[in-house]
Amino acid sequence: MGQESEKERRLRDFAPYIIDEKLLSKAPSKALVMHCLPAYRGKEISDGVMEGKQSIIFDQAENRLHWQKGLLAVLMGGA
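The following paragraphs examine the structure supplied in this document. (Residues numbered from 1 in each chain as written. Predicted model: local features only at pLDDT ≥ 70, side-chain atom pairs only at ≥ 80, totals over all residues. Heavy atoms only, no water.)

### So, a nonpolar patch on the surface
On the surface, W67, L71, L72, L75 and M76 cluster together to form a nonpolar patch covering roughly 620 Å² of accessible area. With respect to the helices, strands and loops of the structure, L72 is situated in helix α4 (residues 57–75). (Patch = residues over 30% accessible without salt bridge, like charges linked within 9 Å, V, L, I, M, F, W, Y side chains within 5 Å. Areas by Shrake-Rupley, 256 points an atom, 1.4 Å probe, with all protein chains shown as cover. Salt bridge = Lys/Arg side-chain N within 4 Å of Asp/Glu carboxyl O. Helix = DSSP H or I, 4+ residues; strand = E, 2+ residues; numbered from the N terminus.)

See the structure below:
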């Protein structure tokens, strides 16, 4: 994110580092996948991993949302 001018080089350089089912199969079955979002599906993480049973990506995003709302309430004097 933020280095769009380097897109082609980054896609090439980081292609071997995608989090996909093959990589996740080497992790313990209790391993969980997190991602700070937004994600480039198919380029940095596969759809299968992102939507899979070991993914807590959307739970992580929901928790961050509630934390941010609380922070805004404090900063605006509402809490």
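From this point, the narrative continues.
### Details of the pattern of salt bridges
Tallying each qualifying case throughout the model produces 6 salt bridges. Salt-bridge contacts for R9 lead to E6; the nearest nitrogen and oxygen are separated by 3.0 Å. In this structure, E51 engages R41 in a salt bridge whose closest nitrogen and oxygen atoms are separated by 2.7 Å. Taken together, the positions of E51 in helix α3 (residues 47–51) and R41 in the loop between α2 (21–24) and α3 put the pair 10 residues apart, joining distant regions of the chain. One salt-bridge network, held together by shared partners, links E6, R9, R10, R12 and D13.

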